[in-house]
Amino acid sequence: MTDAKVFDELWQVICERAVSSGTDKSYVRHLLFHEKGIDKSLEKVGEEAVEFILAAKNGVSEKTVGEAADLIFHLMVALKAADVDFSMVEEELAVRRAGMHLHD
């Protein structure tokens, strides 16, 4: 099993790219500072969600995994564009997990 720190590390990279020099070329900066504003990153979330759904529906495991990774990445960039810290999502998931009853 992969260490869940990968999400924290990915979030850190997204945050670093968001504040890096305007002359630095990166895909994250392209999405965050696009002329369409937040719409660009939201469009990518929608696109990747559709691609994930199609891969899962077609039962191609490798493609499904790749599209899931793309979707999570683009969702994290969209969270940054919306000025929502990923830790808030992690906290919400922890609260929801704490409320689950395993014997129900």
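See above for the structure.
The following refers to the structure shown. All values reported here derive from a predicted model rather than from experimental measurement.

**What to know about the overall build of the protein chain**
So, point 1. Looking only at helices and strands, the protein chain features 5 helices and 0 strands.
So, point 2. Listing each helix as α and each strand as β along the protein chain from the N terminus yields α-α-α-α-α.
So, point 3. For the C-alpha atoms alone, the extent of the protein chain along its principal axes is close to 55 × 35 × 25 Å.
So, point 4. Here the protein chain, with 104 residues, has 25% of them falling under the buried criterion.
So, point 5. Sequence separation of 24 or more characterises 53% of the internal contacts of the protein chain that already satisfy a separation of 6 or more.
So, point 6. Charge-centre separation for the protein chain: the mean point of 12 positive side chains lies 4 Å from the mean point of 20 negative side chains.

**Let's talk about the environment of G66**
So, point 1. Position of G66 relative to the elements: it lies in helix α4 (residues 61-81).
So, point 2. The exposure class of G66 is partly exposed, given its relative accessible area of 31%.
So, point 3. Between the C-alpha atoms of G66 and A55, which are 11 residues apart in sequence, the distance is 9.1 Å.

**Comments concerning the side chain of S26**
So, point 1. With respect to the helices and strands, the residue S26 is situated in the loop between α1 (5-19) and α2 (27-32).
So, point 2. Judged by its relative accessible area of 17%, S26 falls in the buried class.
So, point 3. At 3.0 Å, the side chain of S26 and the backbone nitrogen of R29 are in polar contact.

**Remarks on the packing of helix α3 (residues 38-57) against α4**
So, point 1. Between α3 and α4, the least distance of the axes is 8 Å, while the angle of their chain directions is 160 degrees. By the angle between their axes, α3 is roughly antiparallel relative to α4. For the crossing formed where α3 meets α4, the hand is left-handed. Facing α3, whose interface residues are I38, S41, L42, K44, V45, E48, A49, E51, F52, A55 and A56, α4 presents K63, T64, E67, A68, D70, L71, H74, L75, V77, A78 and A81.
So, point 2. Grouping the constituent residues of the contact of α3 with α4 by class yields 13 nonpolar, 3 polar and 6 charged.

Criteria and cut-off values
Here, residues in each chain are numbered from 1, in the same order as that chain's written sequence. Per-residue local features of the predicted model are confined to residues with pLDDT of at least 70, and side-chain atom pairs are confined, for both listing and counting, to 80 or more; whole-chain, interface and lining totals are unaffected and use all residues. No hydrogens and no water enter the side-chain calculation; it runs on all heavy atoms of the structure. Runs of H or I in DSSP of at least four residues are treated as helices and runs of E of at least two as strands, each being numbered from the N terminus. Note on classification: 1.4 Å probe, protein chains only; a residue is buried when its accessible area is under 20% of the maximum for its type, exposed when over 50%, partly exposed between these limits. In what follows, residue pairs with any heavy atoms lying within 4.5 Å of each other are defined as contacts. In this tally, Lys and Arg are treated as positive and Asp and Glu as negative; His is ignored, and so are the chain termini. Where a charge lies is defined by one atom per residue type: Lys uses NZ, Arg uses CZ, Asp uses CG and Glu uses CD. We call two N or O atoms a polar contact when they sit within 3.5 Å, provided that within protein one can donate a hydrogen and the other can accept it, with sequence-adjacent residues counted only if both atoms are side-chain atoms. Note on method: axes are straight lines fitted to C-alpha atoms, helices fitted across the in-contact stretch only, with angles between N-to-C directions ranging 0 to 180 degrees. In what follows, roughly perpendicular refers to angles from 65 to 115 degrees, roughly parallel to angles under 35, roughly antiparallel to angles over 145, and oblique to any angle outside these ranges. For any pair of crossing helices, the crossing counts as left-handed if the nearer helix is rotated counterclockwise from the farther one by less than a right angle, and right-handed if it is rotated clockwise. Classification convention: Asp, Glu, Lys, Arg as charged; Ala, Val, Leu, Ile, Met, Phe, Trp, Tyr, Cys, Pro as nonpolar; all other residues, Gly among them, as polar.

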